Amino acid sequence: MSILLEAEHLTKIFTQRGKNPLKAVNDVSFTLKKGETLGIVGESGSGKSTIAKLITRLTDITEGTLKFEGKDITRLKQSQLKEVYGDIQMVFQNPVGSFDPRRTLGDGIGESLRNRGMKKADVEKRVAELLEQCGLEKEYAKRYPYEVSGGQCQRAAIARALAVEPKVLICDEATSALDVTIQKQIMELLEDLKEKKGLSFIFICHNLALVQMFCDRVLVLYEGRVVESGIPDDIINEPKEEKNIRGDWWMRYFRDGVLKMIIKKVLPGDGSTFFIS
C-alpha cells in the first residue's frame, strides 16, 4: 500500500505570557497508508486531538514536517491548502456543535459543494445521496441540528465529510458522545465506508475495544510522546513497560481489562454487539 500521509518529528509548543511553554506534542512520527486505519489512544491531555489539529492545520506546527502523497504541506498557506484538504476531512466529537444551528443539515452538508461551484439542483441531489449512503432519509436535509438525535447528527456530519470525496477521514472521538447502541451503528457505518470506498482513517479514541476492532495499527501517546506503536492486539494484550510509564490510565484499561476486548452479547433475534465504555 502506498503512503498517503507522513508525519516526521511533529512538535507543538503552546506559549502564553507569564506561563511556562507547554509541549503538547513532542517529536511524533507516523505514516498512514492507503486503505489503512491508524488508531491514536492515550489519556486526556496526551496530545491526541492536537495531532488531529496539526494534520488539518487548524493549529500551526511548531517543528517537524507533514507530507501528503509525498508533498510537503507543513508551511503551505491557507489558499494553497484548499486542494489538499479536499482529500482530508474530519469528524468531530460533538456532532450538533459542528453544525451551524441557524442552517439546515442539508445546507451544512452541501456547503463544500457550493464552494466548488456546483449548481443548486446538483447540490441537492448529491446531499440526498450522501444522506442515504450514511443511513438517513433525504428528508433529513431539511432538518436543523437540534431537531435530530446525536446519532443522526453524527451520520449527517459523516455525510458532510464525505461530500468532497476525501482520501483520509479523521475521527476525533467521533463515537464517545453516543450511547452504546448508536455507537455500534456508527462503527458499522465507518467499517462499511472503509470496505466500499477504501478510505484511510485516523481514529482517535479512548475506547480500546473499538480501537482493537477497527484499527490496523495503533499509537499510544503519553504526555505528547509516542510511547508504543504496533498492531492493536499486541499493544492491548501485551503492553510494554507498563509499570514504568502507563500510570493509572494504562493500569485501568489494560491490566484490569475493562476495555481489553469487545464484549459480545447476543440478544434474541438480532445478534447485537455492545461495547463497554
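Being a predicted model, the structure only gives us computed values, none of them experimental.

J.: Is there a simple way to think about the environment of I13 in this case?
T.: Considering the arrangement of structural elements, one finds I13 in strand β1 (residues 3-14). Separated by 13 residues in sequence, I13 and N26 place their C-alpha atoms 8.3 Å apart. With sequence-adjacent residues up to four places away left out, I13 is seen in contact with P21, L22, K23 and T62.

J.: What is the right way to read the pattern of salt bridges from this model?
T.: For side chains of opposite charge, pairing can occur when their charged atoms come near one another. Counting across every chain of the model gives 10 salt bridges. A salt bridge links E165 to R126, with the shortest nitrogen-to-oxygen separation between them at 3.8 Å. Residue E165 is found in the loop between α5 (150-162) and β7 (168-172), and its partner R126 is found in helix α4 (residues 120-133); the two are separated by 39 residues along the sequence. Among the ionic pairs, K184 bridges to E188, the shortest N-O distance being 2.6 Å. On the criterion of helical spacing, the pair formed by K184 and E188 is a turn pair, its members being 4 residues apart in helix α6 (residues 180-197).

J.: What is the right way to read the packing of aromatic side chains from this model?
T.: Here the distance between the centres and the angle between the planes together describe a pair of aromatic rings. Under the criterion given, the structure shown has 3 aromatic pairs. Ring geometry for Y144 and Y146: centres 5.6 Å apart, planes at 15°, overall stacked. Their ring planes at 70° and their centres at 5.3 Å tell us that F201 and F214 sit as a pair that is edge-to-face. With F201 in strand β8 (residues 200-204) and F214 in helix α7 (residues 208-214), this pair connects stretches of sequence that are 13 residues apart. With respect to burial, F201 and F214 carry one shared label: buried. Within the aromatic cluster, the residues linked to one another by ring pairs are F201, F203 and F214.

J.: I'm lost on the confidence of the model for the protein in this one. Help?
T.: Keep in mind that low pLDDT regions are not for reading the predicted coordinates in detail. Taken over all residues, the pLDDT of the protein has a mean of 84, while the share at 70 or more is 86%. Across residues 243-247, confidence stays below pLDDT 50; counting only partners more than four residues off in sequence or on other chains, it has 10 contacts. Per-residue pLDDT stays below 50 along residues 254-277; that stretch engages in 55 contacts with residues further than four places along the chain or on separate chains.

J.: What's the story with the state of the cysteines in this structure? I'm lost.
T.: By definition, a disulfide links the sulfur atoms of two cysteine residues through a covalent bond. Under the criterion given, the structure shown has 0 disulfides. In this structure C171 is not part of a disulfide, and its nearest cysteine sulfur, from C215, lies 9.4 Å away. C171 gets classed as buried once you look at its relative accessible area, which sits at 1%.

J.: Hey, could you run me through helix α3 (residues 105-115) in this one?
T.: Helical geometry: 3.6 residues make up each α-helical turn, so side chains three or four residues apart lie on a common side. Every buried residue belonging to α3 is among L105, G106, G108, I109, G110 and L113, and all of these are buried. Here the buried face of α3 lies against α4 and α5. The positive-phi residue at the C-terminal boundary of α3 is G117, with phi of around 90°.

J.: Is there a simple way to explain the packing of α3 against α5 in this structure?
T.: Two quantities define a packed helix pair, namely the angle between the helix axes and the distance between the axes. Two numbers describe how α3 lies on α5: the axes approach to 8 Å, and their chain directions differ by 20°. Judged on the interaxial angle alone, α5 and α3 are roughly parallel. Crossing hand, α3 versus α5: right-handed. Facing α3, whose interface residues are L105, G108 and I109, α5 presents C153, A156, A159 and R160. Counted by class, the contact of α3 with α5 contains 5 nonpolar, 1 polar and 1 charged residues.

J.: Would you mind showing me how to read the sheet that holds strand β5 (residues 71-72) here?
T.: Two pairing modes exist for strands in a sheet, parallel and antiparallel, and in both the strands are linked by backbone hydrogen bonds. Strands sit in the order β2-β1-β4-β5 across an open sheet of 4 strands; the sheet is antiparallel. Lying at the two open borders of the sheet, with one neighbouring strand each, are β2 (22-33) and β5. Packing of helix α1 (residues 48-55) onto the sheet brings it into contact with β1, β2 and β4 (63-68), and relative to β2 it is tilted by some 65°.

Calculation notes
- Residues numbered from 1 in each chain as written.
- Predicted model: local features only at pLDDT ≥ 70, side-chain atom pairs only at ≥ 80, totals over all residues.
- Heavy atoms only, no water.
- Helix = DSSP H or I, 4+ residues; strand = E, 2+ residues; numbered from the N terminus.
- Contact = heavy atoms within 4.5 Å.
- Salt bridge = Lys/Arg side-chain N within 4 Å of Asp/Glu carboxyl O.
- Phe/Tyr/Trp six-rings, centres within 6.5 Å; stacked < 30°, edge-to-face > 60°.
- Buried < 20%, exposed > 50% of the residue type's maximum accessible area, 1.4 Å probe, protein only.
- pLDDT = per-residue confidence, 0-100.
- Disulfide = S-S within 2.5 Å.
- Axes fitted to C-alpha atoms, helices over the stretch in contact; angles between N-to-C directions.
- Parallel < 35°, antiparallel > 145°, perpendicular 65-115°, else oblique.
- Left-handed = near helix turned anticlockwise from the far one by under 90°.
- Nonpolar A, V, L, I, M, F, W, Y, C, P; charged D, E, K, R; others polar.
- Pairing = 2+ DSSP bridges.

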